[in-house]
Amino acid sequence: MGPPGREPSPPRGSTVTLAIGIDVGGTKVAAGVVDEDGRIITKLKRSTPAASPARTEQAIADVVAELLGGHQVTAIGLGAAGFVGADRATMLFAPNLAWRDEPLKQRVEERVGREVVVENDANASAWAEARFGAARGYRDLMLVAVGTGIGAAIIIGGELYRGRWGIAGEPGHVRVVPDGRLCGCGNRGCWEQYCSGNALVAEAREFARRTPEGAMRLLQLGGGMPEGISGPQITRAATEGDPAALRCFQIVGGWLGQGLADLAAILDPACFVIGGGVSEAGDLLLDPARAAFERALTGRGYRPFAEIRKAQLGQDAGIVGAADLAREASRSVEPQTTAPSSPSSGPPGPGSFMRSTSMAKPATNAATAQNAANPDTDQPATVATTR
Ligand SMILES: [Zn+2]
């Protein structure tokens, strides 16, 4: 991490080094050529053939080939929406794409003919915000992207924290309401069922159904039907000062602030960066979040409050972060065949909590297989003997 200031990474050498960053989501592949200051020089976008792993990989290879045609780049980074394994090569599980235990790095490298660095998309975005965006200069921070669901990433001491199996930073599936709303993950009461774009829309539609006379503006924007009300319309109505829309942001922002206080109880970061589509509403979302955060924080009055900031890089964050992470990797130790930050037999780490949460997640064959093969590599002895 560079020091805070206008020039986070001073040029190392006389020529500018460029890198390609690719952001693969459930609906689109976006890619760009990024310089050392995090500026995107060229950008491309394609729709994602989400149902077919091979066609998604071909779409990635196509955009890379097109960008390579016009630029000399030193590294290629790929940020994808899903659980990237600790090997930084395998996509264990992707909720909105067809990847299951997919050797993504290998498959893309075969098509591209170059080394490709693979990262979780939220991790890539957090890295970009820490290097060039809202959290520049901070070394302990968390990104919480409030979109369709919640995406998140953790940076501790200037390094991404990926967890023992690569899938740390999924607070959207922490249960905040016992026996609450059913979540896409199969559990009930997950945070993202209360704090997301979907939750905002559900709140507005329910209010319009129950109290149509109080939701005239929302109904007008939604074409007269509660089911027609969309997220951007709620943001628009709230911006105009519509009380019903503002109330929806109060509720969702309240859930956001409460959740951030819970995360602060675990990680004590200096800064939370709030991204995702719902964060486009800015202080309409963040003011109620800050108020709830300050009400809920343990030890309030005797400790500093973490900053809660809106993400700055928007939809480009994934591209910029993936490119920068790839550039960093290309500068570190020359032939790097294994991920340096996730040794399979390292010293004791924060293992017991990660293991218990991984058990509760949707089964991922690689993780469980690895767990069985290496049951005690990072477990304290007292925990290991009980298994
Ligand atoms: Zn869930």
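Residues numbered from 1 in each chain as written. Predicted model: local features only at pLDDT ≥ 70, side-chain atom pairs only at ≥ 80, totals over all residues. Heavy atoms only, no water.

Draft legend 1. Here's a closer look at the coordination of the zinc ion. For the zinc ion, the protein coordination sphere consists of His173 (ND1), Cys183 (SG), Cys185 (SG) and Cys190 (SG), at 2.1 to 2.3 Å. In this structure, the zinc ion is surrounded by 4 donor atoms whose angles at the metal cover 105 to 120 degrees, and the resulting shape is tetrahedral. Counting the intervening residues between successive donors of the zinc ion yields the motif H-x9-C-x1-C-x4-C. Placement of the pair is His173 in the loop between strand E11 (159–161) and helix H4 (197–210) and Cys190 in the loop between E11 and H4, with a sequence separation of 17 residues. The class for Cys190 is buried, based on a relative accessible area of 1%. (Donors = N, O, S within 2.8 Å, 3.2 Å for Na, K, Ca; no water. Tetrahedral: all angles 85-135°; square planar, octahedral: opposite > 155°, others 65-115°. Helix = DSSP H or I, 4+ residues; strand = E, 2+ residues; numbered from the N terminus. Buried < 20%, exposed > 50% of the residue type's maximum accessible area, 1.4 Å probe, protein only.)

Draft legend 2. Inspection of the pairing of strand E10 (residues 150–156) at higher detail. Counting buried residues along E10, 5 of its 7 residues qualify, which places the element largely inside the surrounding structure. Pairing geometry for strand E9 (residues 141–146) and E10, over 6 bridges, is antiparallel. Bridged to Leu143 within E10 is Ala153. As consecutive antiparallel partners, E9 and E10 are separated by 3 residues. Across 3 bridges, the pairing between E10 and E11 is antiparallel. (Pairing = 2+ DSSP bridges.)

Draft legend 3. The sheet that holds strand E13 (residues 307–310), seen in detail. Strand order in the open sheet formed by 5 strands is E11-E10-E9-E12-E13, with mixed pairing between adjacent strands. Both edges of this open sheet fall to E11 and E13, since each of them pairs with a single strand only. Looking at each pair of strands side by side, their axes are set apart by 25 degrees on average, direction ignored. Of the strand pairs in this sheet, E9 and strand E12 (residues 271–275) are connected by 5 bridges, and their pairing is parallel. Counted as the bridge partner of Val144 is Ile274 from E12. Across the sheet, helix H3 (residues 121–132) touches E9, E10, E11 and E12, and the angle it forms with E10 is around 55 degrees. (Axes fitted to C-alpha atoms, helices over the stretch in contact; angles between N-to-C directions. Contact = heavy atoms within 4.5 Å.)

Draft legend 4. Representation of the nonpolar core. Judged by nonpolar contacts, the single largest core of 42 residues is most densely connected at Val144, Ile234, Leu256, Leu260, Phe272 and Ile274. Broken down by secondary-structure element, the contributors of at least two residues to this core are E9, E10, H4, helix H5 (216–221), helix H6 (231–239), helix H7 (243–267), E12 and helix H8 (283–296). In contact with Ile274, not counting residues within four places along its chain, are Val144, Val146, Leu256, Leu260, Ser279, Leu285, Leu286, Ile308, Arg309, Lys310 and Ala311. Core analysis: the second largest hydrophobic core is formed by 28 residues, Val24, Val63, Ile76 and Met91 among them. (Core = buried A, V, L, I, M, F, W, Y, C linked by side-chain atoms within 4.5 Å.)

Draft legend 5. Representation of the packing of H7 against H8 within the structure. Put simply, H7 and H8 touch, their axes get as near as 6 Å, and they point 45 degrees apart. Taken as axis vectors, H7 and H8 run oblique relative to one another. Considering the relative orientation of H7 and H8, their crossing is right-handed. In contact with Leu246, Phe249, Gln250, Val252, Gly253, Gly254, Leu256, Gly257, Gln258, Leu260, Ala261 and Ala264 of H7, H8 contributes Leu284, Leu285, Leu286, Pro288, Ala289, Ala292, Phe293 and Ala296. Residues that form the contact of H7 with H8 fall into these classes: 15 nonpolar, 5 polar and no charged. (Parallel < 35°, antiparallel > 145°, perpendicular 65-115°, else oblique. Left-handed = near helix turned anticlockwise from the far one by under 90°. Nonpolar A, V, L, I, M, F, W, Y, C, P; charged D, E, K, R; others polar.)

Draft legend 6. Highlighting unusual backbone geometry. For Arg88, which is not glycine, the phi torsion reads 55 degrees and is therefore positive. Structurally, the position occupied by Arg88 is in the loop between strand E5 (83–84) and strand E6 (91–93). Residue Arg88 is classed as buried on the basis of its relative accessible area, which comes to 15%. In the Ramachandran plot, Asp179 falls in the positive-phi region, its phi being about 55 degrees despite a non-glycine side chain.

Draft legend 7. Region of interest: the sheet that holds strand E1 (residues 19–24). Ordered in space as E3-E2-E1-E4-E8, the 5 strands form an open sheet in which the pairing is mixed. Strand pairing shows two members of the sheet lacking a second neighbour, strand E3 (40–47) and strand E8 (117–120), which therefore form its edges. Averaged over all pairs of adjacent strands, the angle between their axes in this sheet comes to 20 degrees, without regard to strand direction. With 6 bridges joining them, E1 and strand E4 (residues 75–80) adopt parallel strand pairing. Counterpart to Ile22 in the pairing with E4 is Leu78.

Draft legend 8. Local environment of the packing of helix H1 (residues 53–70) against helix H2 (residues 104–112). Two elements in contact, H1 and H2, have axes separated by 9 Å at closest approach and are oriented at 50 degrees. When the axes of H1 and H2 are compared, the pair comes out oblique. When you trace H1 past H2, the crossing you get is right-handed. Residue-level inspection shows Ala54, Glu57, Gln58, Ile60, Ala61 and Val64 of H1 in contact with H2, the latter providing Leu104, Arg107, Val108, Arg111 and Val112.

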